[in-house]
There are 2 protein chains.
Amino acid sequence: MKNTYVAIMAGGVGSRFWPGSREARPKQFLDILGIGKTLLQMTYERNLALCPKENVLIVTNKAYKSLVLEQLPNLKEEQVLCEPSRNNTAPCLAYAAYKLRKQNPAAVMLVAASDHLVIDIAEYVARVSAAIRFAAENDALMTLGLTPSRPDTGYGYIRFDLKEIENGVHKVTQFTEKPTAEIAQKFVNSGEYVWNSGMFVWQASHFIQQLEALAPDIAAIFHTIENQLNTPTEQAAIDEWYPKTRSISIDFAVMEKAPNVFTVPADFGWSDLGTWNSLHVEAEKDAHDNAVQSDNAHLYDTTNNLIRAPKNKLVIIKGLEGFIVVDEDDVLLICPKNREQEIKQITEDLKKAGKSSFL
Amino acid sequence: MKNTYVAIMAGGVGSRFWPGSREARPKQFLDILGIGKTLLQMTYERNLALCPKENVLIVTNKAYKSLVLEQLPNLKEEQVLCEPSRNNTAPCLAYAAYKLRKQNPAAVMLVAASDHLVIDIAEYVARVSAAIRFAAENDALMTLGLTPSRPDTGYGYIRFDLKEIENGVHKVTQFTEKPTAEIAQKFVNSGEYVWNSGMFVWQASHFIQQLEALAPDIAAIFHTIENQLNTPTEQAAIDEWYPKTRSISIDFAVMEKAPNVFTVPADFGWSDLGTWNSLHVEAEKDAHDNAVQSDNAHLYDTTNNLIRAPKNKLVIIKGLEGFIVVDEDDVLLICPKNREQEIKQITEDLKKAGKSSFL
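Overview of the structure.

How each quantity is defined
Residues numbered from 1 in each chain as written. Chains lettered and ligands numbered in written order. Predicted model: local features only at pLDDT ≥ 70, side-chain atom pairs only at ≥ 80, totals over all residues. Heavy atoms only, no water. Contact = heavy atoms within 4.5 Å. Buried area = accessible area lost by both parts, 1.4 Å probe. Salt bridge = Lys/Arg side-chain N within 4 Å of Asp/Glu carboxyl O. Helix = DSSP H or I, 4+ residues; strand = E, 2+ residues; numbered from the N terminus. Nonpolar A, V, L, I, M, F, W, Y, C, P; charged D, E, K, R; others polar. Pairing = 2+ DSSP bridges. Least-squares fit on C-alpha atoms with pLDDT ≥ 70 in both. Buried < 20%, exposed > 50% of the residue type's maximum accessible area, 1.4 Å probe, protein only. Patch = residues over 30% accessible without salt bridge, like charges linked within 9 Å, V, L, I, M, F, W, Y side chains within 5 Å. Areas by Shrake-Rupley, 256 points an atom, 1.4 Å probe, with all protein chains shown as cover. Lys, Arg positive; Asp, Glu negative; His and termini not counted. Charge placed at Lys NZ, Arg CZ, Asp CG, Glu CD. Axes fitted to C-alpha atoms, helices over the stretch in contact; angles between N-to-C directions. Arc of directions from axis to C-beta.

## Structural notes on the interface of chain B and chain A
In many reports, interface size means the accessible area that the parts give up when they come together.
Thought 1: The partner chain A presents 33 residues to the 33 residues of chain B that form the contact.
Thought 2: When the buried surface of chain B facing chain A is broken down by residue, Leu314, Lys318 and Leu332 of chain B rank first, second and third, together holding 25% of it.
Thought 3: There are six salt bridges connecting chain B and chain A.
Thought 4: The residue Asp327 of chain B makes a salt bridge to Lys313 of chain A at a minimum N-O spacing of 2.5 Å.
Thought 5: Of all the secondary structure elements, the ones that give two or more residues to the side of chain B that touches chain A are strand S13 (297–300), strand S15 (314–318), strand S16 (323–327), strand S17 (331–336) and helix H11 (343–352) of chain B.
Thought 6: Residues of the side of chain B that touches chain A, tallied by class, amount to 18 nonpolar, four polar and eleven charged.
Thought 7: Where strand S15 (residues 314–318) of chain A lies against S17 of chain B, four bridges are found, and the strand directions are parallel. Across the sheet, the residue bridging to Ile316 of chain A is Leu333 of chain B, located in S17 of chain B.

What follows is the structure, encoded as structure tokens:
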């Protein structure tokens with residue numbers, strides 16, 4: 001337990017929740033479910049069952065440092081790792097791994113996204129604990145595998161050997177990024193595939209060893225500044241060197257090529273809350289299938305909507321069906337739920353129209 | 001001209017424009033057309049063609065005195081008549097008439113609503129001028145009659161003698177309040193009926209004479225305090241005595257019973273803007289039939305809506321048809337245009353729910 005660390009990745013700028021999320025306040029910093037806690041706060045809390053609170057790191061963009069410290073006041077400043085540029089997940093996790101290995105050569109690190117939903121926390125803790133135990137004793141790159149609930153073509157699929165090694169751990173045999181619908185359906189039917197959750201467990205030292213072999217350019221950069229990590233010059237070194245790293249995901253850079261990848265298939269009620277629709281699916285709904293994030297909404301003949309409004313704002317909606325209604329202080333969005341993928345185009349139009357201040 | 005006065009009635013609390021209008025800021029005080037002027041300001045300006053600006057009176061509720069002076073900064077305080085209670089139009093016009101007769105025994109007063117729309121102002125001025133000339137020379141109660149554009153059952157209809165007396169003036173022979181659809185259609189087809197506009201012209205002295213005959217209780221109250229009108233004790237006298245007057249409309253109290261009622265049929269593009277729908281009809285619309293009162297709205301596949309939002313608020317609407325969308329600072333209303341009559345029920349529900357602060 002004292003060798004276990006959690007690195008929560010909180011640097012993303014998801015635009016699919018606009019106008020709920022903004023560049024200045026992405027989804028992980030929002031109480032997107034309307035339950036009184038942000039996704040980051042929920043993530044932090046559920047991982048406290050796995051390690052001491054001083055072993056939690058938040059890896060984020062410099063721009064969000066103060067937001068992180070505001071939302072997680074128990075953190076010390078040195079627990080917040082600040083990326084000066086957005087270089088995807090491989091450099092992000094390399095930074096955390098080098099820093100942790102230097103702190104504790106026996107460090108086992110769990111990597112968690114800051115903006116996902118986990119429903120069954122006991123099951124989550126049990127499955128992650130099994131992964132941590134295995135990783136502590138083996139040279140292994142572990143990934144939490146999610147039992148697919150539908151043939152979604154938006155996720156990566158991981159094939160695993162059906163023979164259990166121990167405690168629910170299986171060898172990974174293949175990665176498939178975003179398959180066609182037909183192939184996704186085959187994967188789901190086979191029972192041999194799980195979704196790639198983006199949650200990983202490994203010894204920091206073993207991860208670095210794999211990084212040196214598979215992405216030596218990234219490893220070299222962190223090797224250069226290793227002496228300065230956990231010292232007063234860490235941030236200056238990171239500011240200088242981090243932007244030089246290649247922007248690449250950990251899946252492409254390491255996981256898909258590494259020889260010793262294992263998974264713990266799990267089913268703990270998970271959503272990456274990637275879209276307003278997925279939020280509607282996960283959120284609590286009234287008898288008419290409306291997910292309402294408002295403390296003062298009156299709905300009449302109104303069904304199957306997602307409605308979000310500022311605290312205390314009186315919201316009266318009549319005769320509306322299947323819409324997303326998001327009222328933020330400076331933006332009102334009304335869009336059919338089944339056309340939410342077009343919101344991305346809208347935000348691009350806004351950028352072209354010189355209205356980036358609303359993004 | 002110097003004997004002509006305009007009394008603008010601005011004491012109403014129309015609830016049908018909620019949440020655009022509020023008890024604290026009724027429709028006449030709103031820029032409901034989104035053109036940069038409130039209905040009261042538009043009314044004031046169009047009547048300046050008919051009389052000197054010091055001859056304009058605004059009769060309003062005490063609660064709105066400061067709003068009136070704020071929106072019409074050229075007014076002197078004594079031009080704003082403040083009713084301490086809401087007693088309908090007969091006492092309101094009696095107050096103005098007694099005050100004006102004392103100021104100028106030859107006063108001819110035009111009565112205008114503060115919250116109506118007039119499109120063709122030149123035609124309005126011509127028709128009203130004809131009425132003023134006739135009223136100045138005759139003991140007459142004049143009403144502006146509006147050529148009906150449809151068999152609306154919400155208005156009062158006035159039958160007139162087709163024989164013109166002079167300058168477009170006709171004798172009125174009958175009042176019919178809110179007819180059935182069938183009867184309204186007959187009225188429109190006949191060409192002998194006009195809508196009762198609520199705009200009147202008469203000599204103050206003749207009006208008072210008729211009031212004494214037809215509503216002596218109301219006349220008696222103003223007779224009691226006549227000495228105090230246009231003196232420093234006017235408001236105190238009004239505060240004491242006005243609430244004792246009977247609450248009754250000028251149509252019921254006087255017009256429908258008086259012997260010498262005349263009308264000038266007119267057609268100057270009029271709307272009482274009584275509903276969001278009527279506002280949608282009158283307002284400027286885009287190519288997709290959307291009336292948009294917003295300086296920052298982006299509409300996609302969106303037709304036939306009325307959309308109103310605060311200045312600078314970014315409004316994105318996709319795939320919406322036939323709705324009223326009103327975003328005020330503290331209230332958001334989304335309601336099908338063809339169900340707007342149900343908004344009244346909503347405001348009553350709110351009252352019962354203890355949410356009167358939003359009304």
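## A few points about the relation of the copies chain B and chain A
Thought 1: When chain B is fitted onto chain A, the two copies agree to an RMSD of 0.0 Å after a turn of 180° and an axial shift of 0.0 Å. The symmetry that links the two subunits is that of a two-fold axis.

## Notes on the pattern of salt bridges
Thought 1: Using the criterion set out here, one finds 36 salt bridges over all chains in the structure.
Thought 2: In this structure, Lys318 of chain B and Glu342 of chain A form a salt bridge, with 2.4 Å as the shortest nitrogen-oxygen distance. One end of the pair, Lys318 of chain B, is in strand S15; the other, Glu342 of chain A, is in the loop between strand S17 (331–336) and helix H11 (343–352), on a second chain.
Thought 3: Among the charged side chains, a salt-bridge network with shared partners connects Asp301 and Lys318 of chain A together with Arg339 and Glu342 of chain B.

## Observations concerning the environment of Phe17 of chain B
Residue and element names in this part refer to chain B.
Thought 1: Among the structural elements, Phe17 can be located in the loop between strand S1 (4–9) and helix H1 (39–47).
Thought 2: Judged by its relative accessible area of 2%, Phe17 falls in the buried class.
Thought 3: For the pair formed by Phe17 and Lys27, sequence separation is ten residues and the distance between their alpha carbons is 6.9 Å.

## Focus on a positive patch on the surface
Thought 1: Together, Arg16, Lys178, Lys344 and Lys351 of chain A give the surface a local cluster of positive charge.
Thought 2: Relative to the helices and strands, Lys344 of chain A is located in helix H11.

## Some thoughts on the environment of Ala136 of chain B
All names here are of chain B.
Thought 1: Turning to its location among the elements, Ala136 is positioned in helix H4 (residues 121–137).
Thought 2: Ala136 gets classed as partly exposed once you look at its relative accessible area, which sits at 42%.
Thought 3: Taking the C-alpha atoms as reference points, Ala136 and Gln203, 67 residues apart in sequence, are found 6.4 Å from one another.
Thought 4: With residues near it in sequence (within four places) discarded, Ala136 still touches Val108 and Gln203.

## Remarks on the sheet that holds S13 of chain B
Thought 1: Sheet architecture is open: six strands sit in the order S12(A)-S14(A)-S16(A)-S17(A)-S15(B)-S13(B), paired in mixed fashion. Of all the strands in the sheet, the pair left with one neighbour each is strand S12 (291–293) of chain A together with S13 of chain B. Strand-to-strand twist in this sheet, taken as the mean axis angle between neighbours without regard to direction, amounts to 5°.
Thought 2: As judged from the three bridges shared by S12 of chain A and strand S14 (residues 306–308) of chain A, these two strands associate in the parallel manner. Looking at S14 of chain A, one finds that Val292 of chain A is bridged to Ile307 of chain A.
Thought 3: Contacts from H11 of chain A reach S17 of chain A together with S13 and S15 of chain B within the one sheet, and its direction differs from that of S15 of chain B by about 140°.

## Let's talk about the pairing of strand S8 (residues 170–177) of chain A
Residues and elements named next belong to chain A.
Thought 1: Pairing analysis gives five bridges linking strand S7 (residues 156–160) to S8, with the strands arranged antiparallel. The residue bridging Gly156 from the neighbouring strand is Glu177, located in S8.
Thought 2: Relative to strand S10 (residues 261–266), S8 is paired through two bridges, and the arrangement is antiparallel. From the neighbouring strand, His170 faces S10, where its bridge partner is Thr263.

## Side note on helix H7 (residues 216–225) of chain A
All names here are of chain A.
Thought 1: Those residues of H7 that sit buried are Ile218, Ala219, Ile221, Phe222 and Ile225. Along the long axis of H7, the arc covered by the buried residues comes to 160°, so they all point the same way.
Thought 2: Those residues of H7 that are buried are in contact with helix H3 (89–103), helix H6 (204–214) and helix H8 (234–241).

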